[in-house]
Amino acid sequence: MSTSNGNGAARTPRVAIIGAGMSGIGMACKLRMAGIESFHIYEKWNGLGGTWHANTYPGLHCDVPSRNYQYRFAPNPNWSHVFSPGREIWAYLDKVATDFDLKGRMSFNTEVAEATWDEDRHVWTLTTKAGDVSEWDFIVTACGGLVETRTPHIPGMEDFQGALFHSAEWDHRVPLKGKRVACIGTGSTGMQITKGLADVAGEFELYQRTPQWILPLPNRRYSRLTKWAMRTFPEQLEPLFFRGHQLATEGTFGVAVVQPGWQRTMLSWMCRKHLQWGVKDPDLRRRLTPTDQPMCKRLVMGTGFYKLFRRPNVNLVDTGIDHIEARGIVTKDGVLHEQDVIVMATGFNAHAFVRPMELTGLNGVKLSDAWGEREPYGYRSVAVPGFPNVFMLIGPHSPFGNQSLFTISETQADFAMGCIQRWRDRELEWMTPTAEATERFNEEMKAALPNTIWTTGCKSWYIGKDGLPSVWPWKASHHREILRQPDPADWVIARPGEREEERTPEPVA
């Protein structure tokens, strides 16, 4: 619990959390562990879990090791695999929410429309799309990075007489056994769906616009002995397993993507040899060989994908799609591919972040105007200048890629908690990063980009409107280092009873 610093009794902050996914649940747990009960979670979907609630497609699993893909404060000794299935991750999040008694603080099917900062009273007025209004001292956006589905318009989609849906909006009422199924998209989702449906569909076609590199990491099942040991000796084994997986992940993938070296060379070699050894047919291997460098796009991980194309019912289609008609897909060579089901594994708008929610901050500036036509930007991945007491989890510039978003969001949540604690102790009324510090941080990011693999020439969802990668260009450890505590020189901080002209540095214009 908080103790006062002599300026009076500790205050109780009101905290609105936008999103009941991994980062939102984690933030709520941190608040509860700190003795803060005045919080609420707003969720636009009809259940908790975020991406693990929305995505339920066959073959779904995580590509980050389970021992890292969990909260440090709530380790799970019972993971079934090194890389967990999707429903198992959802069940874990549901259990954490139950254990921390969070479900009574969640409003489902409740989308936040806007929040407006009151400069006189130093509070946020939040309005939902249903018109409900409430006031909060802090807003924590935990909206996620891959939420808003992206479905390219293909002429004739509306004429298709079978079932057509996005992979993140899977229609489980549609029968698949023995059906003709098409999957459009070859990222991680496309690969997992192919593996999940190869034994189910009568005929399965994977539509490839550009091939992807695959890193052959087997998904080993944990033994009963391992689970028993993790349950029996959690204090000894959990930190050991966590640190081991963290060193392996951050010491290889985390280094390979941001700087040249043996890690990049090794992972590239593994991807190329996996393709060479896994596909014996020279023509098929040519069609499955990317032209870009491994890891320039988000790396696909797993084994067993290439061998599926030896099956008579699985086919790769790399001729472009011309249009869709009632019976199926017509490729640019004029061939009609008759289908019963079309799955759009076409990804997400990874640059939406909190939008379409609107924030109105200092001097009436709206977040949509502040970002405008620019790529969404922020300060050290946690805040945007001009929007007091707003903290972002998995916001712009967060270390995406093959890193654990649990670790990243916990780092950001701990930073937010430190600022909230200062508010409780009456050390501040509100705080927001300066425009100058934010611009300096963004320039430092751009200066670091040439060393990264993402600038070697490829099209991916990492690339922003300016044609540059908009992801974290340093090691993940650097993210933890710069978010250990705020740098006072980088923030506009309003203290209780302080006049505006006494603040240092100057407020955002």
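Here, residues in each chain are numbered from 1, in the same order as that chain's written sequence. The predicted nature of this model means local features are confined to residues of pLDDT at least 70 and side-chain atom pairs, given and counted, to a pLDDT of 80 or more, with totals for whole chains, interfaces and linings taken over all residues. Side-chain numbers come from the whole structure's heavy atoms, not from hydrogens or water.

Remarks on the sheet that holds strand β16 (residues 336-338)
Read across the sheet, three strands follow the order β14-β15-β16 without closing on themselves; strand pairing throughout is antiparallel. Both edges of this open sheet fall to β14 (321-325) and β16, since each of them pairs with a single strand only. Each strand axis lies, on average, 25° off the axis of its neighbour in the sheet, ignoring direction. Following DSSP output, two strands are said to pair if at least two bridges run between them. Helix numbers and strand numbers start at the N terminus; a helix is a DSSP run of H or I with at least 4 residues, a strand a run of E with at least 2. With three bridges joining them, strand β15 (residues 328-331) and β16 adopt antiparallel strand pairing. Looking across to β16, one finds that G328 is bridged to E338. For helices, the axis comes from a line fit to the C-alpha atoms of the stretch in contact; other axes are also lines fit to C-alpha atoms, and the angle between any two N-to-C directions lies between 0 and 180 degrees.

Let's talk about the state of the cysteines
Cysteine sulfur atoms that pair up within 2.5 Å are treated as a disulfide. Here the structure, examined in full by the defined rule, presents one disulfide. A sulfur-sulfur distance of 2.0 Å marks the disulfide that ties C296 to C458. One disulfide, between C296 and C458, carries an S-S torsion of -95° and so falls in the left-handed class. Of this pair, C296 sits in the loop between α8 (282-287) and β12 (300-301) while C458 sits in the loop between α11 (435-448) and α12 (476-482); the two residues are 162 residues apart in sequence, bridging distant segments of the chain.

Some words on the packing of helix α1 (residues 22-33) against helix α10 (residues 405-424)
Remark: α1 packs on α10, axes separated minimally by 9 Å, with the N-to-C direction vectors making an angle of 40°. Comparing their axes, α10 and α1 come out oblique. For the pair α1 and α10, the crossing hand works out as right-handed. Residues M22, S23, M27, K30 and L31 of α1 lie in contact with α10, whose contacting residues are L405, F406, S409, E410, A413, D414, A416, M417 and I420. Working definition: roughly parallel below 35 degrees, roughly antiparallel above 145 degrees, roughly perpendicular at 65 to 115 degrees, and oblique for all remaining angles. Helix crossings are classified by the rotation of the near helix relative to the far one: an anticlockwise turn of less than a right angle makes the crossing left-handed, while a clockwise turn makes it right-handed. The contact definition used throughout considers only heavy atoms, calling two residues in contact when any of these lie within 4.5 Å.

Here we look at the side chain of S470
Considering the arrangement of structural elements, one finds S470 in the loop between α11 and α12. In this structure S470 comes out as buried when scored by relative accessible area, which is 16%. Apart from the residues within four sequence positions on either side, S470 is in contact with H351, E375, H397, Y462 and G464. Each residue's exposure class comes from its accessible area (1.4 Å probe, protein chains only) as a fraction of the maximum for that residue type: buried when under 20%, exposed when over 50%, partly exposed otherwise.

Considerations on the sheet that holds strand β7 (residues 138-141)
Spatially, the five strands line up as an open sheet ordered β3-β2-β1-β7-β19, and their pairing is parallel. Only two strands of the sheet have a single neighbouring strand rather than two, namely β3 (106-107) and β19 (390-392). In the packing of α10 onto the sheet, the strands contacted are β1 (15-18), β7 and β19, and the crossing angle to β19 comes to about 165°.

Examining the pattern of salt bridges
Salt bridge criterion: a side-chain nitrogen from Lys or Arg within 4 Å of a carboxyl oxygen from Asp or Glu. All chains considered together, the criterion is met by 28 salt bridges. Among the ionic pairs, K30 bridges to D414, the shortest N-O distance being 2.8 Å. Here the residue K30 occupies a position in helix α1, and D414 occupies one in helix α10, the gap between them amounting to 384 residues. By relative accessible area, K30 is classed as buried at 13%. Between E135 and R121 there is a salt bridge; the shortest N-O distance is 2.8 Å. Remark: R121 occurs in the loop between β4 (112-118) and β5 (123-128) and E135 occurs in strand β6 (residues 133-136); sequence separation between them is 14 residues. A network of salt bridges, in which partner residues are shared, links R380, E436, R440 and D490.

Let's talk about the pairing of strand β17 (residues 341-344)
Alternating residues of β17 divide into V341 and V343 and I342 and M344, and every residue in both groups is buried. Sheet analysis places strand β8 (residues 163-166) next to β17, joined by four bridges and oriented parallel. The partner of H166 across the bridge, within β17, is M344. Bridge count for strand β9 (residues 180-184) against β17 is four bridges, and the pairing is parallel. Looking across to β17, one finds that V181 is bridged to V341.

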